[in-house]
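Observations on the model geometry
This is what each chain is made of:
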Amino acid sequence: MKHRCLALAIVAALALTGCSKTGSGASEKSLDDMRLVSSAENSTLDWEAQYDYIEDIGDGRGYTAGIIGFCSGTGDLLKVVERYAAKRPGSTLEGFLPALRAVNGSDSHEGLGDAFTGAWAKAAADPVFRAAQDAERDGSYFDPAVERAEADGLSALGQFIYYDAYVMHGYADAEGTVGFRTIRTQALAEADPPSRGGDEEAYLNAFLDARVAAIRKEPSHSDTSRVESAQRIFVRQGKLQLETPLAWKVYGESFRIAGS
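Basis of the calculations
Residues numbered from 1 in each chain as written. Predicted model: local features only at pLDDT ≥ 70, side-chain atom pairs only at ≥ 80, totals over all residues. Heavy atoms only, no water. Pairing = 2+ DSSP bridges. Helix = DSSP H or I, 4+ residues; strand = E, 2+ residues; numbered from the N terminus. Axes fitted to C-alpha atoms, helices over the stretch in contact; angles between N-to-C directions. Parallel < 35°, antiparallel > 145°, perpendicular 65-115°, else oblique. Left-handed = near helix turned anticlockwise from the far one by under 90°. Contact = heavy atoms within 4.5 Å. Salt bridge = Lys/Arg side-chain N within 4 Å of Asp/Glu carboxyl O. Buried < 20%, exposed > 50% of the residue type's maximum accessible area, 1.4 Å probe, protein only. Phe/Tyr/Trp six-rings, centres within 6.5 Å; stacked < 30°, edge-to-face > 60°. Nonpolar A, V, L, I, M, F, W, Y, C, P; charged D, E, K, R; others polar. Expected span 1.5 Å × (residues − 1). pLDDT = per-residue confidence, 0-100. Polar contact = N/O pair within 3.5 Å; in protein donor to acceptor, adjacent residues only side chain to side chain.

1. Examining the pairing of strand E5 (residues 253–257)
Across 5 bridges, the pairing between strand E4 (residues 246–250) and E5 is antiparallel. From the neighbouring strand, Lys249 faces E5, where its bridge partner is Ser254. Hairpin connection from E4 to E5: 2 residues lie between these consecutive antiparallel strands, with Tyr251 at a positive phi of about 50 degrees.

Spelled out as structure tokens, the structure:
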């Protein structure tokens, strides 16, 4: 069962410790980070199988698709198709750009439907389309989250926590949701990050407290297990570098990444 979180939903990617990103140069630590987010977003550790994923999960954001659940109702799915069209002019997906622009901001399927979902799944076999998804993930979510985490003096775990919050909540507040920016502001009111001389575990707990409150405010979300029985566990265990083995539960399912 797919689980959606705000502007996205599904796998994630990249090393959260400055390791290489996806691709042939990806380190084992990079793979661990991808699997962590994928467990919450797609209920699987097989993040690389998610490029062709697309469905409407009933969260009011239209279609949720691809490696981090880009949504037709929030604009990032549109950006993926625009990136792809720029590299593959004349592709079948390019023909859906007018409809994607028209439904942006809503849950409508008008002009899309089975023809669009089929074209999306078929395009996933194209490395250029997969690269378009990677680029949108990195530019809009992963890179900004890690940059902010590094500025706050956070470890690999803190970078992962920030990135997962970007994926689930987006950066800014939207109607019915609380974004990363507000969550971080609330955390800073309770504890200082390492960059200000604070204790990292105390700060991360404050951030996770604010995030749980944000999740409970969303009408389409209430389950906080991706925080309480996953990220919070790692903080309590002091696994600031995401040291393996890692064991966690999310949305009722158990996962494990064994040590190397």
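2. Overview of the packing of helix H7 (residues 180–188) against helix H8 (residues 200–217)
Close contact between H7 and H8 brings their axes to 8 Å; oriented N to C, the two are set at 130 degrees. The orientation of H7 relative to H8 falls into the category oblique. Crossing hand, H7 versus H8: right-handed. Facing H7, whose interface residues are Phe180, Ile183, Arg184, Gln186, Ala187 and Leu188, H8 presents Tyr203, Ala206, Phe207, Ala210, Arg211 and Ala214.

3. What about the pattern of salt bridges?
Using the criterion set out here, one finds 12 salt bridges in the structure. Here Arg83 ties to Glu136 by a salt bridge, and the two come within 3.1 Å at their closest N and O atoms. On the criterion of sequence distance, the pair formed by Arg83 in helix H2 (residues 76–87) and Glu136 in helix H5 (residues 127–151) is long-range, its members being 53 residues apart. Judged by relative accessible area, which is 34%, Arg83 ranks as partly exposed. Of the residues examined, Glu136 reaches a relative accessible area of 2% and is grouped as buried. Ionic pairing is found between Asp152 and Arg184, a salt bridge with its closest N-O pair at 2.9 Å. Of this pair, Asp152 sits in the loop between H5 and helix H6 (156–169) while Arg184 sits in helix H7, and the two are 32 residues apart along the sequence. Taking relative accessible area as the criterion, Asp152 reaches 2% and is therefore assigned buried. Overall, the relative accessible area of 13% leaves Arg184 in the buried class.

4. Brief notes about the packing of aromatic side chains
For the structure on display, the rule yields 14 aromatic pairs. Relative to Phe129, the ring of Trp120 has its centre 4.8 Å away and its plane inclined at 85 degrees; by these criteria the two rings are edge-to-face. Feature note: the residues Tyr63, Tyr84, Phe96, Phe116, Trp120 and Phe129 constitute an aromatic cluster, connected by ring pairs.

5. So, the packing of H6 against helix H9 (residues 225–236)
Where H6 contacts H9, the two axes come as close as 10 Å, and the packing angle between them is 160 degrees. What the angle tells us is that H6 and H9 run roughly antiparallel. Classified by chirality, the crossing of H9 by H6 is left-handed. Here Leu157, Phe160, Ile161, Asp164 and Met168 of H6 lie close against H9, whose contacting residues are Arg226, Gln231, Phe234 and Val235. The class makeup of the residues in the contact of H6 with H9 is 6 nonpolar, 1 polar and 2 charged.

6. Focus on the environment of Gln241
Tracing the sequence through the fold places Gln241 in the loop between H9 and E4. Along the sequence, Gln241 and Ser155 sit 86 residues apart, while their C-alpha atoms lie 6.2 Å from each other.

7. Brief notes about H2
Taking 1.5 Å of rise per residue, the 12 residues of H2 would be expected to cover 16 Å, and the 17 Å separating its terminal C-alpha atoms lies within 8% of that figure. Along H2, the positions that sit buried rather than exposed are Asp76, Leu77, Leu78, Val80, Val81, Tyr84 and Ala85. Structurally, H2 contributes buried residues whose contacts are with strand E2 (63–65), strand E3 (70–71), helix H3 (97–103), helix H4 (113–123) and H5.

8. A word on the confidence of the model for the protein chain
When pLDDT is averaged along the protein chain, the result is 85; 85% of the residues meet or exceed 70. Contacts from residues 1–30, a stretch scored under 50 in pLDDT, to residues over four places away or in other chains number 141 contacts.

9. Section: the side chain of Ser155
With respect to the helices and strands, the residue Ser155 is situated in the loop between H5 and H6. Under the relative-accessibility criterion, Ser155 is labelled buried at 9%. At 2.8 Å, the side chain of Ser155 and the side chain of Glu200 are in polar contact. Every residue in contact with Ser155, bar those within four places of it in the chain, is listed here: Glu200, Leu240 and Gln241.

10. Quick notes on the sheet that holds E3
Taking strand neighbours across the sheet as the criterion, the 3 strands line up as E1-E2-E3 in an open arrangement whose pairing is antiparallel. Among the strands making up the open sheet, the edge pair consists of strand E1 (54–56) and E3. The sheet contact formed by E1 and E2 spans 3 bridges and is antiparallel. Following the sheet pairing, Glu55 is matched in E2 by Thr64. Along the sheet face, H4 touches E1 and E2 and points at about 10 degrees away from the line of E2.

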